[in-house]
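Here's the letter readout for the chains.
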Amino acid sequence: IKHLGRRGRRSKYERQSRLLAKRPRSSHHRLVTSTNCGRVINVLQGEIAHCTPSQADVLVSDDATTCHIVALRSRLLGSDEGEKMIGTTSSSTVLATMTHIDGPGYEASIRDAVNEHIKHHSAHPKQSHDTEECKENCIDQNNVGSGTIEMSIHIMGGFNDTGGSSIEITDSVLQTFAALSNEYNAYWDSSRRAPRICMTVKTCAVASANDNGTGCPLGRGLAMEVATGNIFLAEIEDGTMHGSVPSSSTPPTAPWNGKVKIAVNGGIPLFHPIPYDSCISAQGPDVALRSVRLWASAFHPHGGKREHRLNIIHQSDRDYLNVEPFFFRPHTAARGMLKCTDEILLQITSTSPKVEKPNFVSKVRESLNFMNGTRSAIVFAGGQPVKFRRVGLNEWVSIS
C-alpha cells in the first residue's frame, strides 16, 4: 500500500465516498436476533472470535463508529498447484474470524489471526502464534506444492470524522494486511512450502468511503455467514432472556445468597433480582462483564500503558465461549462519571458523540455500574476464566 499524506489519503477516500453517494443506498441493517440467524457469536469492541461452520452460523459485531470491524474467512483449495483454485470445499476446511478494532496498534493481533488460519489448514495445529515461527513450523513439510489457502478479507468501519481517528485505524489495518501479504508471498516464492496463501480484500468500506455524506457512518455492524462467506450490514437485537439458576453473570459482592448488591448511579447499594446462569440472546453471554474490560484498561492500566491485544473469546478447537480474567475494582472516577448527565457522559466517553446510537449512554452506565458493584477477584474466582457453553441456538450456560 502506497503511503500518502493525510490530505492525499482523505481525498482518495472522499472520491470513493462521492461515488458511493451516486449509487442507490440502503441504510437498513439486518436485525440479528436469537432466533432468525441460527447460532450467533457476537464480538464486542476489543474482542476476536474464530469458528468453523460446525460451531456457529453467523459471526457478527455491531456499534462501530470510528472503530473498524474486520472479518476473515479461509478455506483450503486444491490438491496441487494446478488444482489450487478448483473443486469444492467441505465445511471442515473453513475457518472464519471476526474482530472489532478500536484503534491503531493491533498489528500483532492481526498477525496472530492470520496465523490462526494457517495453523487451521496445516498439519501442526498446536504450533506457536509467532509469525516467523509459524512460517517455519505450521506448514506440513511433506506436503510441498499441495493446495492454496484462499483467504477473504472484509473491512468496514469509520467515517469522515473531524478528529481523523477513523483514517488512522484504516491505515493501520490496511498496512498490516499489505505487509503480511508481501511477507507470505516472499516466503512461498523462496521456499515453495505448502500451502500457498492467497489473501483478497473483498470488502473495504472504511473511513470516508463509509460516510453518508453528512459526517455519519453508513455501516455500523457487520455479519458473516460462516458456511457461505456472505456478509451483510447487521444490528444486534437488544435484550436478554434468562434461565433460572444462580450465576456469576450479575456481579456479586459476596458469595451468592439469592440477593446481590450492586452500585447504581454512583454507588448507591440496592438489592438486585436473582441472577442466572444462562441467557438466551444474540448478544451472547456476560456482555456487561466483557464490556468492563475496556474501562478496566483505562482505570487500571498495567505499567501505565494500555496493551493493544484483542481478547480471544472463541476458538475453533474449543466448544465454549471464554472470558479471560482481567483486573478491575470499583473506582472513584467511575462513580463520578455515573453522576454526570447523559449528555456529559456521552461527550466524555465517546470518540464520536454526535453519531452514537441512542442506547450508547445506557450501555456505558451498565458497564460502569457492573465494575463499581464488584471486583475481579470475585468474578474470576481463583484467577480462572469465565466459560459458557452453547445450548441449542443461542442459549449460553455457565460452565466451570
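Here goes a summary of the coordinates provided.

This brings us to the overall build of the protein chain. On a plain count of helices and strands, the protein chain comes out with nine helices and 18 strands. Here the protein chain holds 400 residues, and the buried ones make up 50% of them. When contacts within the protein chain are restricted to residue pairs at least 6 apart in sequence, those whose partners lie at least 24 apart make up 76%. For the protein chain, the accessible area works out to roughly 18,500 Å², and carbon and sulfur atoms hold 52% of it.

With that out of the way, let us pick up the pattern of salt bridges. One pass over the full model with this rule turns up 14 salt bridges. For Arg30, the salt bridge identified is with Glu225, shortest N-O distance 3.9 Å. A residue pair is termed long-range when its members are at least 10 positions apart, and Arg30 in strand S1 (residues 30–32) and Glu225 in strand S9 (residues 222–225) qualify at 195 residues. Exposure remark for Arg30: the relative accessible area of 37% places this residue in the partly exposed category.

The next point concerns the packing of helix H7 (residues 342–349) against helix H8 (residues 360–373). At a closest axis distance of 10 Å, the pairing of H7 and H8 adopts a crossing angle of 80°. Relative to H8, the element H7 lies roughly perpendicular. Residues Asp342, Leu345, Leu346 and Thr349 of H7 pack against Phe360, Val361, Val364 and Arg365 of H8. Of the residues that constitute the contact of H7 with H8, the class distribution is five nonpolar, one polar and two charged.

Here the focus is the sheet that holds S1. With respect to topology, five strands assemble into an open sheet ordered S1-S10-S9-S4-S2, the strand pairing being mixed. Two strands bound the open sheet, and with one partner strand each, they are S1 and strand S2 (40–42). Going across the sheet, the axis of each strand differs from the next one's by a mean of 35°, ignoring polarity. Bridge analysis of strand S4 (residues 58–61) against S9 gives four bridges, and the strand direction is antiparallel. For Val60, the partnering residue across the bridge sits in S9 and is Ala223.

Applying the stated criterion across every chain, the model contains four aromatic pairs. Ring geometry for Trp295 versus Phe299: centroids 6.3 Å apart, planes at 20°, classification stacked. Of this pair, Trp295 and Phe299 both sit in helix H5 (residues 287–299), four residues apart, roughly one helical turn. In this structure Trp295 comes out as buried when scored by relative accessible area, which is 17%. With a centroid separation of 6.4 Å and an interplanar angle of 50°, the aromatic rings of Phe328 and Phe370 are classed as tilted.

With that settled, consider H5. The end-to-end C-alpha distance of H5, which contains 13 residues, comes to 19 Å, matching closely the 18 Å that a straight helix rising 1.5 Å per residue would cover. Ala288, Leu289, Arg290, Ser291, Val292, Arg293, Trp295, Ala296 and Phe299 are the residues of H5 that are buried.

Mapped onto the fold, Val323 is located in strand S16 (residues 321–323). You can call Val323 buried: its relative accessible area is 2%. Residues Val323 and Val386 lie 63 residues apart in sequence; the distance between their C-alpha atoms is 5.1 Å. Contacts of Val323, omitting those with residues within four sequence positions, involve Leu289, Arg290, Arg293, Phe380, Pro385 and Val386.

Thresholds, definitions, all that
Residues numbered from 1 in each chain as written. Predicted model: local features only at pLDDT ≥ 70, side-chain atom pairs only at ≥ 80, totals over all residues. Heavy atoms only, no water. Helix = DSSP H or I, 4+ residues; strand = E, 2+ residues; numbered from the N terminus. Buried < 20%, exposed > 50% of the residue type's maximum accessible area, 1.4 Å probe, protein only. Contact = heavy atoms within 4.5 Å. Areas by Shrake-Rupley, 256 points an atom, 1.4 Å probe, with all protein chains shown as cover. Salt bridge = Lys/Arg side-chain N within 4 Å of Asp/Glu carboxyl O. Axes fitted to C-alpha atoms, helices over the stretch in contact; angles between N-to-C directions. Parallel < 35°, antiparallel > 145°, perpendicular 65-115°, else oblique. Nonpolar A, V, L, I, M, F, W, Y, C, P; charged D, E, K, R; others polar. Pairing = 2+ DSSP bridges. Phe/Tyr/Trp six-rings, centres within 6.5 Å; stacked < 30°, edge-to-face > 60°. Expected span 1.5 Å × (residues − 1).

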